[in-house]
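Here is what each chain is made of, one letter per residue.
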Amino acid sequence: MKAYLKRQQKLFSEAQQQRLEELNIMIAGIGGLGTNQALQLQRIGVNKIYLYDYDQVEVSNLNRQLCYGKKDIGRLKVEAAAEFLNEFDLETEIIARNEKITLKTEVPEDIDIIFDGMDNFESRFILDQLAAENGLPFIHAGIEEFFAQIMLVLPESKLRLKDVFTGTDRKELPAVFSPAVTVTASIQVLEALKYLLQFDEYLNEQLLHIDLLSNQMEIIDLK
Amino acid sequence: MALEVKFYSLFRINLKTKGIEYQQESEITITELIKKLDQDFEGYFTQKLLEKDGTIARGTIILVNGKNIFHLNKLETKVSDGDIVTLFPPSAGG
């Protein structure tokens with residue numbers, strides 16, 4: 001076990017900790033959710049994180065995208081994020097891929113799960129299809145104002161993101177700010193770990209709805 | 001046994017309730033259910049769930065027993081006692 005992970009040792013069995021340190025993660029979209037996911041996944045000591053984005057840092061990103069500052073405006077997100085994460089000098093390998101996710105994207109062969117860091121459903125449907133075609137689990141999250149939802153789509157699941165969220169994209173940009181984005185990304189990481197480390201309970205054909213105004217988290221059954 | 005309608009997100013905050021139950025032995029369509037909800041919530045759901053031409057508005061989800069009505073019979077999907085209808089605007093941002 002890596003020395004800096006000692007304080008989380010009691011949370012996991014030896015096998016789980018070993019598995020955790022072997023995990024290779026793909027984060028698609030290094031925005032609000034994606035930067036928060038990357039920070040958490042690096043801290044808990046996964047093996048490798050692939051960062052996928054094709055955008056550049058803009059000033060409007062800075063209220064929630066934690067890997068960037070004013071000096072990064074105009075830089076490629078994946079490069080700025082990789083540089084920021086590598087400065088911590090932890091042992092997780094960070095791989096930057098300046099690519100737009102399409103149905104032709106070649107997913108690296110060593111990936112264990114795909115994280116949704118997108119900001120619209122059209123892109124998420126493509127990502128979910130890519131996960132299905134590559135036989136990979138996919139964990140979705142969406143956040144808007146004080147509300148969020150999380151859904152884990154297992155490789156064998158016939159119920160895909162499109163089945164639940166068809167017809168939901170709107171024209172206006174959703175309102176998002178850092179505290180709610182960070183909470184959502186953290187829960188997304190937790191829910192992915194429960195599945196990957198084989199805890200007894202994880203989201204299975206269920207939607208986790210998070211209401212941060214009323215402090216309520218509820219499971220909606222999709223079966 | 002009742003027809004259960006559950007509200008989430010802004011719907012719950014705006015209406016100050018988690019949902020409503022109807023005794024509904026015979027089947028009704030989602031369009032008819034929206035009319036019932038409008039009577040109890042002052043026209044709120046027509047405004048939130050439907051476009052002006054009466055089609056399903058973008059940006060909201062209507063699930064019947066966990067299934068999006070887009071993949072069932074849309075607004076003609078039938079519900080009755082024992083069914084759960086879930087209504088909320090999903091969060092799109094990231």
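See the structure printed just above.
Residues numbered from 1 in each chain as written. Chains lettered and ligands numbered in written order. Predicted model: local features only at pLDDT ≥ 70, side-chain atom pairs only at ≥ 80, totals over all residues.

## A few points about the overall build of chain B
Right, on to step 1. The helix and strand inventory of chain B stands at three helices and seven strands.
Right, on to step 2. The order of helices and strands in chain B, counted from the N terminus, is β-α-β-β-α-α-β-β-β-β.
Right, on to step 3. Rg of the C-alpha trace for chain B: 12 Å, near the compact-globule value of 12 Å for 94 residues, within the 12% margin.
Right, on to step 4. Referenced to the eigenvectors of the C-alpha coordinate spread, the extents of chain B come out at roughly 40 × 30 × 25 Å.
Right, on to step 5. Burial statistics for chain B: of 94 residues in total, 33% are counted as buried.
Right, on to step 6. A separation threshold of at least 6 residues defines the contact pool for chain B, and within that pool the share at least 24 residues apart is 51%. (Helix = DSSP H or I, 4+ residues; strand = E, 2+ residues; numbered from the N terminus. Rg over C-alpha atoms; globule rule 2.2 N^0.38 Å. Buried ≥ 20, exposed ≤ 12 C-beta atoms within 10 Å, placed from the backbone. Contact = placed C-beta atoms within 7 Å.)

## Looking at the overall build of chain A
Right, on to step 1. Scanning chain A for helices and strands turns up six helices and eight strands.
Right, on to step 2. Along chain A, from the amino end to the carboxyl end, the secondary structure elements read α-β-α-β-α-β-β-α-β-β-α-α-β-β.
Right, on to step 3. Relative to the 2.2 N^0.38 estimate, which gives 17 Å for 223 residues, the radius of gyration of chain A is 17 Å and therefore close to what a compact globule would have.
Right, on to step 4. C-alpha atoms of chain A, sized along the principal axes, occupy 45 × 45 × 40 Å.
Right, on to step 5. With 223 residues in all, chain A has 39% of them scored as buried.

## A closer look at the environment of F84 of chain A
Residues and elements named next belong to chain A.
Right, on to step 1. If you trace the backbone, F84 turns up in helix α3 (residues 77-86).
Right, on to step 2. Given 18 C-beta atoms within 10 Å, F84 falls into the partly exposed group.
Right, on to step 3. Separated by 18 residues in the primary sequence, F84 and L66 have C-alpha atoms spaced 9.4 Å apart.

## Here we look at the sheet that holds strand β1 (residues 3-7) of chain B
To summarise the sheet geometry, strands pair through backbone hydrogen bonds and adopt either a parallel or an antiparallel arrangement.
Residues and elements named next belong to chain B.
Right, on to step 1. Taken together, five strands build an open sheet; the order of strands is β2-β1-β7-β4-β5 and the sheet is mixed. Strands at the two margins of the open sheet, each flanked by one partner only, are β2 (19-22) and β5 (67-68).
Right, on to step 2. Looking at chain direction, β1 and strand β7 (residues 84-88) are connected through four bridges and run parallel. Paired with F7 across the strands is L87, a residue of β7. (Pairing = 2+ DSSP bridges.)

## A look at the interface of chain A and chain B
Right, on to step 1. Counting residues at the interface gives 32 residues for chain A and 17 residues for chain B.
Right, on to step 2. The residue makeup of the side of chain A that touches chain B, split by class, is 13 nonpolar, 11 polar and eight charged. (Nonpolar A, V, L, I, M, F, W, Y, C, P; charged D, E, K, R; others polar.)

## A look at helix α2 (residues 32-43) of chain A
Residue and element names in this part refer to chain A.
Right, on to step 1. Between the first and last C-alpha of α2 there are 17 Å, a value that for 12 residues agrees with the 16 Å anticipated at 1.5 Å per step.
Right, on to step 2. Among all positions in α2, only G32, L33, G34, T35, N36, Q37, A38 and L41 are buried.
Right, on to step 3. Positive phi shows up at G45, right after α2, with a value of about 90°. (Expected span 1.5 Å × (residues − 1).)

## Some details on unusual backbone geometry
Residue and element names in this part refer to chain A.
Right, on to step 1. One non-glycine residue, D89, lies in the positive phi region at around 55°.
Right, on to step 2. Mapping D89 onto the fold places it in the loop between α3 and β3 (93-98).
Right, on to step 3. Residue D89 is classed as exposed on the basis of its C-beta count, with 6 C-beta atoms lying within 10 Å.

## Examining the pairing of strand β8 (residues 216-221) of chain A
Residues and elements named next belong to chain A.
Right, on to step 1. Sheet topology places strand β7 (residues 206-211) next to β8; six bridges connect them, and they run antiparallel. From the neighbouring strand, Q206 faces β8, where its bridge partner is D221.
Right, on to step 2. Joining the antiparallel neighbours β7 and β8 is a turn of four residues, in which N215 adopts a positive phi near 55°.

## Quick look at the packing of α2 of chain A against helix α6 (residues 178-196) of chain A
Residues and elements named next belong to chain A.
Right, on to step 1. Orientation of α2 relative to α6, taken along the N-to-C sense of each, is 50°, at an axis distance of 9 Å. With respect to α6, the axis of α2 lies oblique. Note that α2 runs across α6; the crossing there is right-handed. Across the interface between the two elements, G32, L33, N36, Q37, Q40 and L41 of α2 pack against V181, T182, T184, A185, S186, Q188 and V189 of α6.
Right, on to step 2. Across the contact of α2 with α6, the residue classes tally to five nonpolar, eight polar and no charged. (Axes fitted to C-alpha atoms, helices over the stretch in contact; angles between N-to-C directions. Parallel < 35°, antiparallel > 145°, perpendicular 65-115°, else oblique. Left-handed = near helix turned anticlockwise from the far one by under 90°.)

## Observations concerning the pairing of β7 of chain B
Residue and element names in this part refer to chain B.
Right, on to step 1. Burial within β7 is extensive, with four of its five residues counted as buried.
Right, on to step 2. As paired elements, strand β4 (residues 61-64) and β7 share four bridges and run antiparallel to each other. Paired with I61 across the bridge in β7 is F88.

## Notes on the nonpolar core
Right, on to step 1. Membership of the largest hydrophobic core comes to 80 residues, with the highest contact counts inside it found for I25, I27 and L51 of chain A.
Right, on to step 2. What L51 of chain A contacts, discounting residues up to four positions off in sequence, is I27, I30, A38, V78, A81, A82, I94, I95, A96 and R97 of chain A. (Core = buried A, V, L, I, M, F, W, Y, C linked by C-beta atoms within 7 Å.)

## Quick word on the sheet that holds strand β5 (residues 138-144) of chain A
All names here are of chain A.
Right, on to step 1. The strand order across the open sheet built from eight strands is β3-β2-β1-β4-β5-β6-β7-β8, with neighbouring strands paired in mixed fashion. Strand pairing shows two members of the sheet lacking a second neighbour, β3 and β8, which therefore form its edges. Neighbouring strand axes in the sheet, compared pairwise and without regard to direction, differ in orientation by 20° on average.
Right, on to step 2. Two strands pair when backbone bridges link them, and β5 and strand β6 (residues 147-153) are joined in this way by seven bridges, in the antiparallel orientation. The partner of F138 across the bridge, within β6, is V153.
Right, on to step 3. Contacting β2 (48-53) and β3, α3 runs over the sheet at an angle of about 170° to β3.
Right, on to step 4. Contacts between α6 and the sheet are confined to β4 (113-116), β5, β6 and β7, with β5 contributing the most and set at about 160° to the helix.

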